[in-house]
Structures are given as structure tokens and as C-alpha cells.
Amino acid sequence: AAMLAIKNPRNGMRVFVKSYYDGLGVGGGWFYFVKGSTEALIQGLVVQGKGGVWKRETKPFYLVEDFGCHESKDANINAIALKACFDNVKNIVATKTYSVEILNDPMSMTNGSILTGGGTFIGTAPDDRNADGRGVMLRLSDVNNVKIYDIKFKNGYMGIGIFATNTHGLTIDNVTVDGFTYGIWLGESTALKGCTNVRLNNIKIKNTRYWGIYIRCLNVDIKEDMTYDVVCSNSYFYNCHGAGFVCSEGLVNNVVLENSFFEDCNVGMHFESTNHYRVVNVTTRNTAKKPTHVNSPEYPFKAIPVYQAFSSDAEFINCNFDKHIYIGCVGECKAWNYKYTNVTCSYVVFEAWAMTTGASDTNKDYFKNFVFDKCTFTGLGFFYQDNAVNHWLRDFKITNCMFLDGEGKPNTGERIAMNFRKCVDTVVSDNTFKNTSVVLGGTGAIKFNDNIVVNTDGRSLQFTGPGYQVGSGGYLEVVGNIFEKDYLCARYF
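Residues numbered from 1 in each chain as written. Predicted model: local features only at pLDDT ≥ 70, side-chain atom pairs only at ≥ 80, totals over all residues. Heavy atoms only, no water.

(A) Geometry of the overall build of the protein chain. Helix and strand content of the protein chain: one helix and 38 strands. Looking at the protein chain as a whole, 54% of its 493 residues qualify as buried. Accessible area of the protein chain: about 20200 Å², with a carbon and sulfur share of 49%. (Helix = DSSP H or I, 4+ residues; strand = E, 2+ residues; numbered from the N terminus. Buried < 20%, exposed > 50% of the residue type's maximum accessible area, 1.4 Å probe, protein only. Areas by Shrake-Rupley, 256 points an atom, 1.4 Å probe, with all protein chains shown as cover.)

(B) Inspection of the side chain of Ser189 at higher detail. Its place among the elements puts Ser189 in the loop between strand 13 (168-187) and strand 14 (196-201). Classification of Ser189 as buried rests on a relative accessible area of 8%. Filtering out sequence-adjacent residues up to four positions away, Ser189 remains in contact with Asp142, Thr165 and Asn166. (Contact = heavy atoms within 4.5 Å.)

(C) Up close: the nonpolar core. Phe153, Phe245 and Phe372 are the most contacted members of the largest nonpolar core, which totals 108 residues. Here the element with the most residues in this core is strand 26 (residues 335-353); it accounts for eight residues. With 20 residues, the next largest nonpolar core counts Val136, Phe163, Tyr182 and Phe310 among its residues. (Core = buried A, V, L, I, M, F, W, Y, C linked by side-chain atoms within 4.5 Å.)

(D) A look at the sheet that holds strand 1 (residues 14-19). Here four strands make up an open sheet; going across it, the order is 1-2-4-3 and the pairing antiparallel. Of all the strands in the sheet, just strand 1 and strand 3 (46-49) have a single pairing partner and so form its edges. For this sheet, the mean angle separating the axes of adjacent strands, direction not counted, is 30°. Judged from the five bridges that link them, strand 2 (residues 27-35) and strand 4 (residues 52-56) form a sheet pairing that is antiparallel. The residue bridging Val34 from the neighbouring strand is Val53, located in strand 4. (Pairing = 2+ DSSP bridges. Axes fitted to C-alpha atoms, helices over the stretch in contact; angles between N-to-C directions.)

(E) Geometry of the packing of aromatic side chains. Counted according to the given criterion, the structure contains 47 aromatic pairs. On the numbers, 6.4 Å between centres and 20° between planes, the contact of Phe370 with Phe372 is stacked. For Phe372, a relative accessible area of 1% corresponds to the buried category. Taking the centre distance of 6.3 Å and the plane angle of 10° together, the rings of Phe448 and Phe483 count as stacked. Here the residue Phe448 occupies a position in strand 33 (residues 437-449), and Phe483 occupies one in strand 37 (residues 482-483), the gap between them amounting to 35 residues. A cation sits over an aromatic face here: Lys364 above Trp392, 4.4 Å from the ring centre. (Phe/Tyr/Trp six-rings, centres within 6.5 Å; stacked < 30°, edge-to-face > 60°. Lys NZ or Arg CZ within 6 Å of the ring centre and 35° of its normal.)

(F) Region of interest: unusual backbone geometry. One non-glycine residue, Asn8, lies in positive phi territory at about 50°. Structurally, Asn8 is set in the segment before strand 1. Using a relative accessible area of 74% as the deciding quantity, one classes Asn8 as exposed. One non-glycine residue, His276, lies in the positive phi region at around 60°. Tracing the chain through its elements places His276 in strand 22 (residues 274-285).

Spelled out as C-alpha cells, the structure:
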């Protein structure tokens, strides 16, 4: 207002504005006068004066306060100011805590933009409201080379924290998203182009109504347009009511999740229709134990640290899961090429089902090429469910593992840690089975060598034909094992 009160400013005249709002001491800067200009008003950048416009001098970076956003202003005023800021400049700094109405779609970053400064943006919808995903706090649409670091987003329960579509070269570092429908969404645009070359580091996702980090690529058929090359490192997921880290809905490729921790999440990781993914140095704790979990009826999965379905080429290294690992497949969507090294979990469950009535695993390859090495199973060990399809386990290698329990009740002679009644070409070697036993049955080459089976409550080892029926063409090798109870039942093989 003081600048606009200058009478008869000359062309090129420069003035220093102390503050955007009177007395607050922030948001000012150098402006110069362009006589005769009719340039349109841009909040914080171009101010229409008498006989021309005042323009803010170009800066290497801009404070959100330069556009009228301020910690003392309400959510709607700040949303309007932030929209002016993000629509017109690239290097943006936020250092304070700002109330923001996310339903006003306040922030949309452009190519090459940077957002940093340690500030916090707080929405108007805390986590006691219904979540419907209507709003977006920060939108990235069809942009490249964007960087966001040292920023917090909070209380956007009706919306999404960071929503990215057709975004490439995205870096998000030291960012917290707390109390949203979804935390960070990476997916396809309306033109069916996904996100690539995304780096998420030191992310904190808390109290999401559905999913924490959601990576998808729905209905994209062109390989080059799919979502791929996403790395999430050193991150923390807390109290996600659906799942913490999700790759689902369309083919997603080349994803890495490393050095991360999941606490009190309903489901930790969800990989569906995902290929070539690695999980390294990841821990889950108190899965599904948070008392404030809100029921999500459209998300049917409960209390699973790792859910995997219709996916292939997965690798887990140095992980500690407090409950079980789930692996599923259906029809032509098969589970191939999984490797688990130094992984601790309760047990691994395999489930296959048919898309059409009567479909079956005629090629015996629904679950194929699995490796478990140096793993520890604190519960059932391996467990698979007959669910609408006669499925098999092919080319399994279980080596150097520790099995500490088994399916069944104590002292009944039925505690079984490895219950592979339908397997093809299986190698079980250098493992230790405590308080449990082993059942193997199938065809091809089955090798059970150099294992230790102790403290069993019944038989140590039982071999059968496939499904308790006479097998054909089987090759059995049992060498160098130590059995506490020398009861070997080689039946129907």
C-alpha cells in the first residue's frame, strides 16, 4: 500500500518494500516501476500502480511469504497465496508453519522446481474426519526434475499429500506426510503416462487412512510409459490403516525399498502386478496392532507385513518381519523368481486361485524358482492353501535356514514346518528344524540332504507321492541328515 501511494513514479524507479503485510517484517523486497505497462496482476510479483506496474526484482529463491502466505493467516488466504507462488516461480522456500485449505488445490510445481526450507503445511482436516481423497496438497503433473526436501505436510485427511503423475526425475528427501487419505501417490496421467526415475529418501509417512506410498500404472500398455525406476530409502511408516508401501494397479517395474521401518501398520508392504523389485534391510513391528486403525472395507487384507500377488522377480535381503509373508497367484499371473536371503518371519503362505471355474496348474508352474537362504521361520514355516486350483511348487531351494515351530498342536505328532505335498524338483539342504517335522511329496528330483531335525513331537520326515497318491518319475536323495527320531516313511513315492 505504501508503494502504491508513491505519486508520479518514474520509469525504472526502485523501492524496497519492508513487508508484504504491514508490520510483519517478511515478504517484502525490491520492486521497480515500468511506466505505461498494462501487465496483468500477479499476486506478490506484479502490482498495478498509477500509470504502470510495480514488478518484483528477480531473486534466486522466493519465500512463500513473498506472495502473501503467512503463519498468521487463515487456510484460504494461504492457499490463494501459495497458488500464486507455485504457478509463477521455481525456487521456493518455506520456513514456518502455515495453515492451508487443500481443497483449493494450492500447490502445483513446474519443471525444474525446488521446494525446501524446513516449513510445515497444515491442512484443515485432521484424522477424525472421513477420508475421501478429494483434495491434493502438492500436485506434480507432467513435470520433470522436481526436488522437494526438508518439508512437512500434515492434516490433509480428505486428500493426498503429494500427488505425482507423468513425473520424471523426482527427488523427495526428508519429507513428512502425516494424516492424509494417501501419503505420496506416484502414478499415470490421464494420457496414460507413468512416473520414472523417482528417489524417495528419509520419508516419514504417518497416520494415513488408506496407503502411505502408492505406486501404480493402471491401463498403461506401452512399456516406455509405465511407472518404473523408483527407489525408497531410509524411510519410516507409522499407523497406515491400509498398507504402508504399495505397488499395485497396473504393471510397475524396477522398484527398490531399502533401509526402512514399518510400525503399527495394518499391512506393511503390498506388491501386486509388480516385477523386478528388491526389499533390503526392512523391518516391521507391531503389524496391525495400532488401536486407532479405522476399518477400510475396500481393502480386504489384514495384519500382513508383506503381501505379494501376480508378481515376479522379487528379492528380499536382510529383513525382519514380525508376522508372515503372503505370496499369491491366479490364472496366467504366476509367481516366478523370488529370492529371500537372511529374512526372518513367522511363516510363508502360498495361495493360488482360478479366474475361471475348473482352471488348474496343469504345467505345475504357478510357483516357480524360489530360493530361501539363511532365513529364520519362527512360526509355521511354509504353509500353502488349496484354493480353487491344484497348484504346485516347482524348483524350490531351501538352504541354511532355521525352522523353529510348525503347523499343528504340540504333542500330536503333526507339527509340520515344511508341508510340500505337491512339489517338483526341490532341494532342501543344510537346514535346522526344531520342534517340528517335514512332509515332502511330488515328482522330479527331490533332495533332502545335510539337515538337522530335532525336538520333534512325532515323525521327523515323511515322503509321499503327490497329494498322497502314487508318484511317477520321481528321484529321491536323502544324504547326511541328522534325525532325532529315526522314523522315515517313504510312502507311495
